[in-house]
Amino acid sequence: MSETTEQPELHEPSLDEQIAAYQREFRDLDPQVEQIVSALGRLNRRMNVAYGRQVAALGISNTEWEVLKTLVLSGTPYRLGPGELAKRLGLTPAAMTHRIDRMAGEGLVTRDRDEKNRVRVIVELTDEGRTKWLEAMRMATTFEEDLLQDLSGDERGALGEILIRLLRRVEDEQPDADGRLTDLD
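Residues numbered from 1 in each chain as written. Predicted model: local features only at pLDDT ≥ 70, side-chain atom pairs only at ≥ 80, totals over all residues. Heavy atoms only, no water.

Q: What exactly am I supposed to notice about the pairing of strand β3 (residues 121-125) here?
A: Look at any regular strand and the pattern is simple: side chains alternate between the two faces of the sheet. A large share of β3 lies buried, amounting to four of its five residues. The pairing of strand β1 (residues 79-80) with β3 spans two bridges and is classified as antiparallel. Residue pairing for β3: R79 is matched across the bridge by E124. Where strand β2 (residues 109-113) lies against β3, five bridges are found, and the strand directions are antiparallel. Residue pairing across strands places R111 opposite V123, the latter belonging to β3. (Buried < 20%, exposed > 50% of the residue type's maximum accessible area, 1.4 Å probe, protein only. Helix = DSSP H or I, 4+ residues; strand = E, 2+ residues; numbered from the N terminus. Pairing = 2+ DSSP bridges.)

Below is the structure:
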């Protein structure tokens with residue numbers, strides 16, 4: 001008869017536990033800075049998981065959601081070339097082609113030759129793709145309102161301003177940190 005040893009349940013350490021471990025190993029750590037940065041990182045991860053679940057309920061993936069969002073952000077008539085889509089999403093052209101093929105097969109986008117330049121391909125959002133995008137936005141809005149429900153309007157405004165300042169600092173110091181791959185230039 002063999003004994004089985006139970007594996008301890010794995011859990012992510014609390015922020016306090018994480019910071020204490022970091023301080024033990026790296027004494028120059030500013031615990032206040034680490035608390036803010038670690039909390040932002042965890043919040044981002046958890047929000048991405050929540051958004052992924054929401055779009056999955058609509059029958060699309062996070063990656064498809066990103067394409068739909070990028071097409072909507074391009075403005076009416078929600079059309080871009082595959083190369084421009086790839087650059088905006090930080091993808092290789094091959095990865096973008098694969099994604100467009102799948103989405104065209106699902107009826108979320110169309111891919112047609114540009115009437116003015118028959119060599120150029122245009123990817124356009126379909127009515128079905130726009131409907132999926134709108135439903136995902138409705139779900140995200142509900143989630144985001146719930147997330148921020150304990151903050152007053154003034155607190156939301158202050159938090160928004162602070163986060164934008166942090167974002168601008170990163171964008172100014174790391175201009176390529178938007179996800180673009182350097183080999184796409």
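Once you've had a look at it, read on.
Q: Whenever I open this one, the nonpolar core confuses me. Can you help?
A: Nonpolar side chains tend to gather and get buried jointly when the protein is soluble and globular. With 23 residues, the main nonpolar core has I60, V67, L68, L71, L85 and M96 as its most contacted residues. Elements supplying a minimum of two residues to this core: α3 (62-73), α4 (82-89), α5 (93-105), β3 and α6 (127-147). Take this core: its biggest share by element is five residues, from α3. Each residue touching L68, except ones within four places of it in the same chain, is listed here: I60, M103, L108, L125, G129, K132 and W133. (Core = buried A, V, L, I, M, F, W, Y, C linked by side-chain atoms within 4.5 Å. Contact = heavy atoms within 4.5 Å.)

Q: I keep staring at α3 and nothing clicks. Help me out?
A: A turn of α-helix holds 3.6 residues, and therefore any two residues three or four places apart point the same way. End to end, α3 covers 16 Å across twelve residues, agreeing with the expected 16 Å (1.5 Å per residue, within 8%). For α3, every residue scored as buried is listed here: E64, W65, V67, L68, T70, L71 and V72. (Expected span 1.5 Å × (residues − 1).)

Q: I tried to follow the pattern of salt bridges on my own but got confused; where do I start?
A: Think of it this way: side chains of opposite charge can pair up when their charged atoms draw near. By the definition in use, this model includes 13 salt bridges. R46 is the partner of E12 in a salt bridge, and the nearest nitrogen-oxygen pair spans 2.5 Å. Pair noted here: E12 is in the segment before α1 (15-25) and R46 is in helix α2 (residues 31-57), with a separation of 34 residues, a long-range link. Taken together, the shared-partner salt bridges connect E12, R42, R45 and R46 into one network. (Salt bridge = Lys/Arg side-chain N within 4 Å of Asp/Glu carboxyl O.)

Just geometry here; none of it tells us what the structure is for.
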